[in-house]
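Coordinate analysis (summary)
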4 protein chains.
Amino acid sequence: MNPAEQLIALGFEDVQSTDDDRGVLIDEVGIEELSYPVSVERRDGSLQQTVSDVNMTVQLAHHRRGIHMSRLVEVLDAHAESIGPSGFREMVAETRLRLDSKHSRVALRFPYFLRRRAPASAISSMARYECCLTGVSRADGTKTEIGVRVPVTSLCPCSKEISDYGAHNQRGYVDISVASPWPGGQASGIWFEDLIEVAESAGSAPIYPLLKRTDEREVTMQAYDNPAFVEDIVRDVVVALRDDIRVASAEVRACNQESIHDHNAVAQLRWERVGE
Amino acid sequence: MNPAEQLIALGFEDVQSTDDDRGVLIDEVGIEELSYPVSVERRDGSLQQTVSDVNMTVQLAHHRRGIHMSRLVEVLDAHAESIGPSGFREMVAETRLRLDSKHSRVALRFPYFLRRRAPASAISSMARYECCLTGVSRADGTKTEIGVRVPVTSLCPCSKEISDYGAHNQRGYVDISVASPWPGGQASGIWFEDLIEVAESAGSAPIYPLLKRTDEREVTMQAYDNPAFVEDIVRDVVVALRDDIRVASAEVRACNQESIHDHNAVAQLRWERVGE
Amino acid sequence: MNPAEQLIALGFEDVQSTDDDRGVLIDEVGIEELSYPVSVERRDGSLQQTVSDVNMTVQLAHHRRGIHMSRLVEVLDAHAESIGPSGFREMVAETRLRLDSKHSRVALRFPYFLRRRAPASAISSMARYECCLTGVSRADGTKTEIGVRVPVTSLCPCSKEISDYGAHNQRGYVDISVASPWPGGQASGIWFEDLIEVAESAGSAPIYPLLKRTDEREVTMQAYDNPAFVEDIVRDVVVALRDDIRVASAEVRACNQESIHDHNAVAQLRWERVGE
Amino acid sequence: MNPAEQLIALGFEDVQSTDDDRGVLIDEVGIEELSYPVSVERRDGSLQQTVSDVNMTVQLAHHRRGIHMSRLVEVLDAHAESIGPSGFREMVAETRLRLDSKHSRVALRFPYFLRRRAPASAISSMARYECCLTGVSRADGTKTEIGVRVPVTSLCPCSKEISDYGAHNQRGYVDISVASPWPGGQASGIWFEDLIEVAESAGSAPIYPLLKRTDEREVTMQAYDNPAFVEDIVRDVVVALRDDIRVASAEVRACNQESIHDHNAVAQLRWERVGE
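Notes on the structure in this doc start here. (Residues numbered from 1 in each chain as written. Chains lettered and ligands numbered in written order. Predicted model: local features only at pLDDT ≥ 70, side-chain atom pairs only at ≥ 80, totals over all residues. Heavy atoms only, no water.)

Turning to the packing of aromatic side chains, a few remarks are in order. Evaluated as defined, the whole model comprises 16 aromatic pairs over all chains. Between the aromatic rings of A:Tyr165 and C:Tyr224, the centroid separation amounts to 5.3 Å while the plane-to-plane angle is 50°, which identifies the pairing as tilted. Remark: C:Tyr224 occurs in helix H6 (residues 213-225) and A:Tyr165 occurs in the loop between helix H4 (157-162) and strand E6 (169-179); the pair is interchain, linking two chains. Owing to a relative accessible area of 14%, C:Tyr224 belongs among the buried residues under this scheme. An aromatic cluster is defined as three or more aromatic residues linked by ring pairs; in this entry it consists of A:Phe110, A:Tyr112, A:Trp191 and A:Phe192. The ring of A:Tyr224 is capped by A:Lys160, whose NZ or CZ atom sits 4.6 Å from the centre of that ring. (Phe/Tyr/Trp six-rings, centres within 6.5 Å; stacked < 30°, edge-to-face > 60°. Helix = DSSP H or I, 4+ residues; strand = E, 2+ residues; numbered from the N terminus. Buried < 20%, exposed > 50% of the residue type's maximum accessible area, 1.4 Å probe, protein only. Lys NZ or Arg CZ within 6 Å of the ring centre and 35° of its normal.)

Rendered as structure tokens:
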């Protein structure tokens, strides 16, 4: 007897599997805030080990009492070492099948690091980008989205215009999440590095963990030469994504930790490529 | 000359008001994470002073460069002392008008306190419920939603069934957000207290800040007598809301901080009343 | 019979009051992350209603099994409406007495708002300062500390020096916590407003929730004229506190959300007035 | 010319290196909230890749204006791949030397994963423990501390005693941080796994990411059989550490996310081995 059979032999009911008569379908049932080690593919196909925050849910039919949540962790554990464009797609689909559901949703969010060189000294360090993968699976297919959160410097165009010298600037974060029109093989698809480049180009200057003073001089003047409102940042991102036919739709958000206020300035939009 | 005219006299451009030719409409532009003191109406019409996290955004037409964010804070400051069903509605509409936009959105989130008596000793203390008000205004009208997050005890039906004694239980949070079919006057409408009652009834037992031992005995046994999965909690909330004709639609979520795991169990759904 | 007597009559032991033979004194036992409505005195003696995060702990002697935590909430509820220099002191002392302990510690942390005028337009809004009160009571007396966290703009002196134009700047937070040599009556003592003024003077420019463009011009140039490292900020705070004989000791911290990095710069020190 | 020399040739001053006459020594100056990829040694000597939150500070003498913060990131980048008992010690010492300071402090905090088998089914998954390494270096030596945060189930002894059935229980976290009397080589020293075992034994039952129903039965009854207050948990940790002569001192903390309250219960103490 396996463990589940032993429990039945002991006379214990499988409560989750009993019927439910309240007539309420539940859109998503599952787990959240599970922290798990994962290996994520880089654009060049190599693997990066990191730690992901994991959300996994499935739809629950109106006539069933509950789901067996342990199966979600089993699916995660089986796929955690191969998180790439195709591996993630399989994980989302298997979540649906293993839980015997019509609809599954998996969201991973993890820090992703790239070695970056400072602009003048060329000294290098590991830059952190918060990345996410979100997938939805139904009987008619599985759809995934990839996203990044990229820190940038933004310098206020208004402050520069109306001041005799100086201009307030601050750390900002650019969020881009895109869906691809194709089944996203790595060859044809878009990956984190592509979106990071788009986001950084839209800020006033990139951000680096390690800058020597010659680098600091360069990014200070670069930011002053490229003022950008949050409105400008999200528009420049859309302009860049419009030119990339791998992108079918996008959610774009810019958030500035205003240096002259104790609150943030934000701009966000949803963009979809319309029929061509 | 007012200050804005002085800047023009000095030769400074109003950068936000210049034209934009990128052709990108922005869904939401504004401020977030602004913490502000507010006075919120209770169900009985009296006022409660609390502190709100504030988000205010407007749509930006494709041909305009930016918005004047300071006007958002001006609208907030003018309305912060009268946050009730009608006062909030006016604030959302004025946000749209003051920013000369087609669409505005305001979201407030604040702790809301009710004095509660412990079930056996009747000793009282202030219980905290995180509440939110969200409103959207367009030329054709203004729509608001009210929401609560209510802490409850939940006791696992499976653990109780399969164990010879005991059952794991934990703190959980029930989120309910509802939209009303009518322009929500306080007399006809639903308010925080109503939703808090629904949420508490759906858990295994309510939660109190202050319990003497006789109370602890009571809530311990009450929870053991009323086991509930997150699936059960969201369904019981829907069953209760279905009977309340003031509710047109609802988003419901239950989240358990599982005592046997270091991650959470969640269930969520969107429910809408269909044509009657 | 009161409820506790009823439990004894039922044959239930008061587990917390039993003996313990492990021989381990516990420095602090109590509650944390309790959110409670409080009324805090302003410098002018009027009251401000806000919401506090509450920590209350007492020392537990080695021979006793546990404390009765509900008594902590009872003491809090009795004092929450009168949090001023003397009211808080009484609350800390009563915590110790009510729990029959040799040592109590109470820490409150809450947002505190002051109406501020923008520097050029004189338009006003409510500025938020995170404030804290910490008190320790023993048989030989009760000692309290008051603290503030003040947002400021800081502009980097190095970036200004080495760049042909511009200078990176960012939002920073200045923390000051001071202990007073006297029993702190409000007349003789120091209060939040005093520390807020010291903190703001040490940054490159103050921060306001609401700035019109003429104000933005003023704070932009003020910041450029007053560059300050985190090192400068904490030193300037100490220089100001040294001149205030009401201050016996201080903990000072400055933290900049660097606009050119995705990490923070910090400086902190503990200063004590030496024998005079 | 290297970059620094180029800046001098351009006539730019090294602002940080200028004199300061305010007469204020600063205890700690540096960086915080830097997220960096690191490789951490396991007890068996193998390496685990994870992501660390990094704090690095040095003392600043009263006569110097500032520190060169980029050097902190350089030291981190050079040592990030070899975080073990000796590698970390070298990193702390090099921080002090590279910044030419009398005192350095480095704190790393990262998730650390161990593959764990469920108690009945023996199915395995990766359990997460938040670990930290803290080191201080002075001319007379370098001292390090290691710490863990371990999730456990705790079941309330009072609730069990006074209730006819059931007992409230919840997720809790046990923090242990210890300093070692010896220069901590891996052979002689204590490591994360040792502290995790101590913490888990002190709770009512361990926590696992993946439990089948037979496992859930086992941990439910194990918790009911082993009730523990936060007071009991910290005492049992001290009793275990007292017997381990590798431990010279410890900070111990237990925090329960009470299932019957919306606040936490805590107990904490500092323990030191006294002269033997």
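Take the environment of A:Glu218 next. Residue and element names in this part refer to chain A. Counting through the fold element by element, Glu218 comes out in helix H6 (residues 213-225). Classification of Glu218 as partly exposed rests on a relative accessible area of 37%. On a C-alpha basis, the gap between Glu218 and Gln16 in space is 61 Å, while along the polypeptide they are 202 residues apart. Excluding its chain neighbours within four sequence positions, the residues that come into contact with Glu218 are Pro119 and Ala120. (Contact = heavy atoms within 4.5 Å.)

Of the two same-sequence chains, chain A is brought onto chain B (RMSD 0.0 Å, axial shift 0.0 Å) by a rotation of 180°. Read as a symmetry element, the transformation amounts to a two-fold axis. The rotation axis passes nearest to the C-alpha of A:Arg270 in chain A, at a distance of 11 Å. (Least-squares fit on C-alpha atoms with pLDDT ≥ 70 in both.)

Tallying the contact residues gives 37 residues for chain B and 37 residues for chain C. If you look at where chain B meets chain C, you find 5 salt bridges. We note a salt bridge from B:Asp77 to C:Arg115, for which the minimum N-O separation is 3.0 Å. The interface formed by chain B and chain C contains 10 residue pairs in polar contact (both at pLDDT 80 or more). Elements with a contribution of two residues or more to the side of chain B that touches chain C: helix H1 (3-9), strand E1 (26-41), strand E2 (47-60), helix H2 (70-79), strand E3 (103-117), strand E4 (124-138) and helix H6 (213-225) of chain B. Per-element tally for the side of chain B that touches chain C: the top contributor is H2(B), with 5 residues. (Salt bridge = Lys/Arg side-chain N within 4 Å of Asp/Glu carboxyl O. Polar contact = N/O pair within 3.5 Å; in protein donor to acceptor, adjacent residues only side chain to side chain.)

Of note, the phi angle at B:Asp100 is positive, near 55°, even though the residue is not glycine. Residue position: B:Asp100 is located in the loop between helix H3 (85-98) and E3. The backbone of D:Glu33 sits at a positive phi, close to 55°, despite the residue not being glycine. In this fold, D:Glu33 is placed in strand E1 (residues 26-41).

Moving on, we come to the interface of chain A and chain B. Listed as interface residues are 56 residues of chain A and, on the opposing side, 56 residues of chain B. Between chain A and chain B, a total of about 4,400 Å² is buried, with carbon and sulfur atoms accounting for 52% of that surface. It is A:Arg22, A:Glu32 and A:Arg235 that lose the most area in chain A upon contact with chain B, and together they represent 17% of the buried surface on that side. Between chain A and chain B we count 10 salt bridges in total. A salt bridge links B:Asp236 to A:Arg22, with the nearest nitrogen and oxygen atoms 2.9 Å apart. Secondary-structure elements contributing two or more residues to the side of chain A that touches chain B are strand E1 (26-41), strand E2 (47-60), H4, helix H7 (230-242), strand E8 (249-256) and strand E9 (264-272) of chain A. For the side of chain A that touches chain B, the residue count by class is 27 nonpolar, 10 polar and 19 charged. Sheet topology note: the E9(A)/E1(B) ladder contains 5 bridges and is antiparallel. Residue pairing for E1(B): A:Ala267 is matched across the bridge by B:Val29. (Buried area = accessible area lost by both parts, 1.4 Å probe. Nonpolar A, V, L, I, M, F, W, Y, C, P; charged D, E, K, R; others polar. Pairing = 2+ DSSP bridges.)

Moving on, we get to the pairing of strand E8 (residues 249-256) of chain C. On a regular strand, each side chain points to the face opposite its neighbour's, so the side chains alternate between the two faces of the sheet. All names here are of chain C. Counting buried positions along E8 yields 6 of 8 residues, so the element is predominantly enclosed. Both strand E6 (residues 169-179) and E8 contribute to a ladder of 8 bridges, which runs antiparallel. What sits directly across from Ser177, in E8, is Glu251. Inspection of the sheet shows E8 paired to strand E9 (residues 264-272) by 8 bridges, in the antiparallel sense. In the strand pairing of E9, Glu251 is matched with Arg270.

Another point: helix H3 (residues 85-98) of chain C. Working note: α-helix, 3.6 residues per turn, so residues spaced by three or four point in the same direction. Residues and elements named next belong to chain C. In this model H3 runs 20 Å from its N-terminal to its C-terminal C-alpha over 14 residues, within 8% of the 20 Å that 1.5 Å per residue would give. The set of residues buried in H3 consists of Pro85, Gly87, Phe88, Met91, Val92, Ala93, Thr95 and Arg96. Against the buried residues of H3 lie strand E1 (26-41), strand E2 (47-60), helix H2 (70-79), strand E3 (103-117), strand E4 (124-138) and strand E5 (141-155). Taken from the residues just after H3, Asp100 is the one with a positive phi, measuring 55°. (Expected span 1.5 Å × (residues − 1).)

Let us now look at H7(A). Its 13 residues place the ends of H7(A) 19 Å apart at the C-alpha level, agreeing with the 18 Å of an ideal helix rising 1.5 Å per residue. Among all positions in H7(A), only A:Val230, A:Glu231, A:Asp232, A:Ile233, A:Val234, A:Arg235, A:Val237, A:Val238 and A:Leu241 are buried.

Quick look at the packing of helix H2 (residues 70-79) of chain D against helix H3 (residues 85-98) of chain D now. All names here are of chain D. Where H2 contacts H3, the two axes come as close as 10 Å, and the packing angle between them is 155°. Between H2 and H3, the interaxial angle falls into the category roughly antiparallel. Crossing of H2 against H3: the hand is right-handed. Here Arg71, Leu72, Glu74, Val75, Leu76 and His79 of H2 come into contact with H3, specifically with Gly87, Glu90, Met91, Glu94, Thr95 and Arg98. (Axes fitted to C-alpha atoms, helices over the stretch in contact; angles between N-to-C directions. Parallel < 35°, antiparallel > 145°, perpendicular 65-115°, else oblique. Left-handed = near helix turned anticlockwise from the far one by under 90°.)

Our focus in this paragraph is the side chain of D:Thr220. Among the structural elements, D:Thr220 can be located in helix H6 (residues 213-225). At 2.8 Å, the side chain of D:Thr220 and the side chain of B:Ser159 are in polar contact. Once residues lying within four places of it in the same chain are set aside, the contact partners of D:Thr220 are B:Ser159, B:Ser163, B:Tyr165, B:Gly166, B:Ala167 and B:His168.

Summed over all chains, the structure comprises 95 salt bridges over all chains. Of the charged contacts in the structure, one is a salt bridge between D:Asp164 and B:Arg217, with a shortest N-O distance of 3.1 Å. Remark: B:Arg217 occurs in helix H6 and D:Asp164 occurs in the loop between helix H4 (157-162) and strand E6 (169-179); the pair is interchain, linking two chains. Judged by its relative accessible area of 18%, B:Arg217 is buried. Residue D:Arg149 pairs with D:Asp175 through a salt bridge whose shortest N-O separation is 2.7 Å. Highlighted residues: D:Arg149 in strand E5 (residues 141-155) and D:Asp175 in strand E6, separated in sequence by 26 residues. Note on D:Asp175: relative accessible area 17%, which makes it buried. Three or more residues joined by partner-sharing salt bridges are found here, namely A:Asp20, A:Arg22, A:Arg65, B:Asp232, B:Arg235 and B:Asp236.

Scope: geometric values only; no functional claims are made or implied.
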